[in-house]
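# Coordinates in review
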Amino acid sequence: MLLLPLLLGVATSRCLHDETQKSVSLLRPSFSQLSPNFRSSSLNLPSSRDPQPLRIQTCYIEDPTSNGAWDPKGDGTRGESRALAAVREATQRIQSVLAVPPVQGPLLLSRDPAQYCHAVWGDPETPNYHRCSLLNPRYKGESCLGAKIPDAHLRGYALWPEEGSPQVVKPDGPGVQNTDFLLYMRVAHTSKCHKEPSIIAYAACCQLDSEDRPLAGTIVYCAQHLTRPSQSDIVMATLHELLHVLGFSGQLFKKWRDCPSGLSVRENCSTRQQVTRRDEWGQLLLTTPAVSHSLAKHLGVLEVSSGVLLEEEGPLSSHWEARLLQGSLMTATFDGAQRSRLDPITLAAFEDSGWYQVNHSAAEELLWGQGSGLEFGLVTTCGTGSSDFFCTGSGLGCHYLHLDKGSCSSDPMLEGCRMYKPLANKSECWKKENGLPAGVVNPHGEIYHSQSRCFLANLTSQLLPVNATGHPSQIPYLKEVELTGRCYLHQCTERGAYKVQVEGSPWVPCLPGKAIQISGYSGLLFCPQSRLCGTNEGTNAVTSPPVSLSTQALLFQLSLGLAGPPGHSLGKERQEELAEVVLRALVSRSGMSRCYFHSPSITASLVFTVHMWKSPGCKGPSVSMLHRALTLTLQVKPLEIYHGGASFTTEDNRPNSTSCVPELLVTLDHNPSMTHLSLTMGLCLMLLILLSALGTIAYQKRATFQVGPSAPYHLPELQNTTRSPDGRIREV
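Residues numbered from 1 in each chain as written. Predicted model: local features only at pLDDT ≥ 70, side-chain atom pairs only at ≥ 80, totals over all residues. Heavy atoms only, no water.

For the rest of this paragraph, the subject is the pattern of salt bridges. All chains considered together, the criterion is met by 17 salt bridges. Between Arg257 and Glu211 there is a salt bridge; the shortest N-O distance is 2.8 Å. Pair noted here: Arg257 is in strand E14 (residues 257-258) and Glu211 is in the loop between strand E12 (199-208) and strand E13 (214-222), with a separation of 46 residues, a long-range link. By relative accessible area, Arg257 is classed as buried at 11%. A salt bridge links Arg323 to Glu321, with the nearest nitrogen and oxygen atoms 3.3 Å apart. Using a relative accessible area of 0% as the deciding quantity, one classes Glu321 as buried. Salt bridges sharing common partners tie together Arg111, Asp151 and Lys170. (Salt bridge = Lys/Arg side-chain N within 4 Å of Asp/Glu carboxyl O. Helix = DSSP H or I, 4+ residues; strand = E, 2+ residues; numbered from the N terminus. Buried < 20%, exposed > 50% of the residue type's maximum accessible area, 1.4 Å probe, protein only.)

Turning our attention to the sheet that holds strand E16 (residues 276-278). The sheet built from three strands is open, its strands ordered E16-E17-E18 with antiparallel pairing. The strands lining the two open edges of the sheet, one partner per strand, are E16 and strand E18 (308-309). The pairing of E16 with strand E17 (residues 284-286) spans three bridges and is antiparallel. Across the sheet, residue Arg278 finds its bridge partner in E17, namely Leu284. (Pairing = 2+ DSSP bridges.)

Detailed conclusions should not be drawn from predicted coordinates in areas where pLDDT is low. Looking at the protein chain as a whole, the pLDDT averages 78, with 75% of positions reaching at least 70. Confidence over residues 32-47 falls short of pLDDT 50; this stretch has 44 contacts with residues more than four positions distant or in other chains. (pLDDT = per-residue confidence, 0-100. Contact = heavy atoms within 4.5 Å.)

Our focus in this paragraph is the packing of helix H8 (residues 289-299) against helix H10 (residues 344-352). Two elements in contact, H8 and H10, have axes whose closest approach is 7 Å; the angle formed by their N-to-C orientations is 165°. Taken together, the axes of H8 and H10 lie roughly antiparallel to each other. The way H8 lies across H10 gives a crossing that is right-handed. Residues Pro289, Ala290, Val291, Ser294, Leu295 and His298 of H8 pack against Pro344, Ile345, Ala348, Ala349, Glu351 and Asp352 of H10. Its residues assigned to classes, the contact of H8 with H10 comprises eight nonpolar, two polar and two charged. (Axes fitted to C-alpha atoms, helices over the stretch in contact; angles between N-to-C directions. Parallel < 35°, antiparallel > 145°, perpendicular 65-115°, else oblique. Left-handed = near helix turned anticlockwise from the far one by under 90°. Nonpolar A, V, L, I, M, F, W, Y, C, P; charged D, E, K, R; others polar.)

This paragraph deals with a negative patch on the surface. On the surface, Asp123, Glu125, Glu162 and Glu163 cluster together to form a negatively charged patch. Considering the arrangement of structural elements, one finds Glu163 in the loop between strand E9 (157-159) and strand E10 (167-170). (Patch = residues over 30% accessible without salt bridge, like charges linked within 9 Å, V, L, I, M, F, W, Y side chains within 5 Å. Areas by Shrake-Rupley, 256 points an atom, 1.4 Å probe, with all protein chains shown as cover. Lys, Arg positive; Asp, Glu negative; His and termini not counted. Charge placed at Lys NZ, Arg CZ, Asp CG, Glu CD.)

With that settled, consider the pairing of strand E30 (residues 597-602). Here E30 pairs with strand E31 (residues 607-612) via four bridges, running antiparallel. Within E31, the residue paired with Ile602 across the bridge is Phe608. With antiparallel pairing between neighbouring strands as the criterion, E30 and E31 make up a hairpin whose turn holds four residues, including Leu606 at a positive phi of roughly 70°.

Another aspect to go through is the nonpolar core. Counting residues in hydrophobic clusters, the biggest one holds 81 residues, and the most contacted among them are Ile94, Tyr221, Leu246, Leu286 and Trp320. Here this core gets eight residues from one element, more than from any other, and that element is helix H6 (residues 231-245). Within the second largest apolar cluster, 30 residues are counted, among which are Leu586, Phe608, Cys618 and Val623. (Core = buried A, V, L, I, M, F, W, Y, C linked by side-chain atoms within 4.5 Å.)

Under the criterion given, the structure shown has ten disulfides. Covalently, Cys117 is tied to Cys132 through a disulfide, its sulfur atoms 2.3 Å apart. The sign of the 110° torsion about the S-S bond sets the Cys117-Cys132 disulfide as right-handed. With a gap of 15 residues between them, Cys117 in strand E5 (residues 117-120) and Cys132 in strand E6 (residues 132-135) connect regions that are remote in the sequence. There is no split in this pair, since Cys117 and Cys132 are both buried. Paired through a disulfide, Cys510 and Cys527 show a sulfur-sulfur distance of 1.9 Å. Given an S-S torsion of about -95°, the disulfide between Cys510 and Cys527 has left-handed geometry. Of the two residues, Cys510 sits in strand E26 (residues 508-510) while Cys527 sits in strand E28 (residues 525-527), which places them 17 residues apart along the sequence. (Disulfide = S-S within 2.5 Å.)

Within this structure, the stated rule accounts for 17 aromatic pairs. On the basis of an interplanar angle of 35° and a centroid distance of 4.6 Å, the ring pair of Tyr116 and Tyr157 is categorised as tilted. Here Tyr116 is found in helix H4 (residues 113-116), whereas its partner Tyr157 is found in strand E9, with 41 residues between them in sequence. Seen in terms of ring centroids, Phe253 and Trp256 are 5.1 Å apart; in terms of plane orientation they differ by 80°. Their pairing is edge-to-face. Comparing Phe253 with Trp256 shows no difference in burial state: the two are buried. By way of ring pairs, the aromatic residues Phe248, Phe253, Trp256, Trp320, Phe350, Trp355 and Tyr356 are connected into one cluster. Over the face of the ring belonging to Trp160 we find Arg131, whose NZ or CZ atom lies 4.1 Å from the ring centre. (Phe/Tyr/Trp six-rings, centres within 6.5 Å; stacked < 30°, edge-to-face > 60°. Lys NZ or Arg CZ within 6 Å of the ring centre and 35° of its normal.)

With that settled, the discussion passes to H10. Since the α-helix packs 3.6 residues into each turn, any two residues three or four apart lie on the same face. In terms of residue burial, H10 counts as a mostly covered element, since seven of its nine residues are buried. All of the buried residues in H10 are Ile345, Thr346, Leu347, Ala348, Ala349, Phe350 and Asp352. Two to three positions downstream of the cap, the backbone nitrogen of Ile345 sits 3.2 Å from a side-chain oxygen, assigning the N-cap of H10 to Asp343. (Polar contact = N/O pair within 3.5 Å; in protein donor to acceptor, adjacent residues only side chain to side chain.)

Another point: the side chain of Asp343. Relative to the assigned elements, Asp343 resides in the loop between helix H9 (322-325) and H10. Within the buried core, Asp343 has no salt-bridge partner, and the shortest N-O distance to an opposite charge, that of Arg93, equals 9.2 Å. A polar side-chain atom of Asp343 sits 2.8 Å from a polar atom in the side chain of Thr346. Apart from residues no more than four positions distant in its own chain, Asp343 is found in contact with Trp320, Ser328, Leu329, Ala363, Glu364 and Leu366.

Here the phi dihedral of Leu145 falls at roughly 50°; this positive angle occurs in a residue that is not glycine. Considering the arrangement of structural elements, one finds Leu145 in the loop between strand E7 (143-144) and strand E8 (147-148).

So, about the side chain of Gln251. Its place among the elements puts Gln251 in helix H7 (residues 250-253). Contact partners of Gln251, with chain neighbours within four places excluded, come to Asp18, Gln21, Lys22 and Leu316.

Looking now at the sheet that holds strand E20 (residues 396-398). Strand order in the open sheet made by the three strands is E20-E21-E22, with antiparallel pairing throughout. Two strands bound the open sheet, and with one partner strand each, they are E20 and strand E22 (419-422). Each adjacent strand pair in this sheet contributes to an overall mean axis angle of 55°, direction not counted.

What follows deals with H8. Taking burial as the measure, the eleven residues of H8 include eight buried ones, the bulk of the element. Where H8 ends, the next residue or the one after it, Gly300, has phi of about 75°, a positive value.

Below, the structure is given as structure tokens:
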């Protein structure tokens, strides 16, 4: 059961598929109840023919039980048409993804002996042992999740004497031609719809073939909830439910097949020995081979993963873990069609079911966690700043797809991990109607458009002083304004490159990883790395949203020239080690979190460089204030570092030097050239006065380390511990 949030963009509801599926009996063909005269016409045994696109036949069942709560003469007609259109689109999409060996002849469904039969012959010596001896007089036919199945779709049934031939009570129906799966649909006002006002639809599988492949199911649309969502949301909700009834279900995982010879040769198929398992920490995983390989590829690791985490929903689970696969269509919460993907890992699961041949080229790229390594999505790693997909605190920024502004928050599915969730009101940058009305002052220059995206920025046209034509570094408060998510036009110029436009400005190249200034505005606009224009983006931003973009961007670049022993040289590996040691000393000297410092490096000539910007959720002063404080403290007390038996210092011993510290740079991109400002002694003096006002104690921590050539770096709080796969910390 896929739930649509009541407020746009706030995914607070959960899918209840497991509860729904548990209420339905799964029927298979029952040989013992069939007459020899009609057994061959009613059984659809596996075919040896090559797989063909899955043929889904939809049967609309009118609902007589709405009890007047929903008026079919009013919104009902529109709701029915929207549901029917959604089913058509979703089934067409599935047919482009899944193929099966086609059912031969008409598709006929089973009847439930427990329903039509009141008693069976119980003597094992009786020829008709265990066949129906007495009919149930109250038998009214078969149904599937409240949908009455037509007799024309059902096998017949018979009454058996103790010995001899049966009396046929109901012959086989004609069945449904050219069909591999029967989907019944209802538009109704049910108790589930009433209890969960955000439900679009829910569904269950009802019948299986002799190889346990799903043959029939029902999807129920909540009548009173079909007018508010967009049509694309109804389509994606339908697709989610169809994937449940076709096999992605905790009730069906145990029936998945292993067919080593392929789908066209079914003789060697057997039930998979293990589809899910709980690890030693109690987490439920789907462990089949295609799924495990697909996750490893997604996370960018060579080793095969031990399986894919499933959402904790009790003894069974029918959804991916949201921390790991946010944005997948098969997580338990629905964030809207623009933020959902039919991802490669979900398609790999259908390959592992053994029932389908899968068109993997139909998968949509999943951006959440891409290339983040095997520890991504664990409870203890999501808050450490190791991945920019997560955030800390409660600030404002951009949803990782950058279609929406977002706030850093959590929900029960994230289990304490936090991400930028779309705001409830007018967060969508791609909706033109969210823009300010004509004539209203637009101080931040925002533009809402189908090609607009969310950028971290602090642009404003109201803070420019009279001498705004001066160099931006001469405006002391320029970088003190809080960054937040803002909507601006973007246009891809080539793969991985784009330009942006602010209200009233020309198009400006936006180099990924840089911060740019816009003519007429104070402040900065950050150009996220990696995810904007990373693929060939379509012109329709709603149906073809862009890849997500990183929140990391360059604000300051701090360069320090180190003095080392005469003639000392560093190989590449030693350079990386020394860069890490210098960074640790710098972080210690600052007294602040490492979340201010990014991408440290050092050259063979001992020039250390680190990018400084304040990650979202990073606690502490503004990065400009920290930069000024570091400038002063490094002048007063240079860093001293011991590494590999050698001593290094940032103290400048060069003759005729006039700078506070060697090569301390502020780096900005200005449309988009870089401006480098060397800090003079006059600025140092001003900063000394500033620091004396702030207090110097916090910046007097001695930064001296004795580190061996290959000593790994460990965060102090994680020393003497090991991390379990689910992210918990155990003592060792």
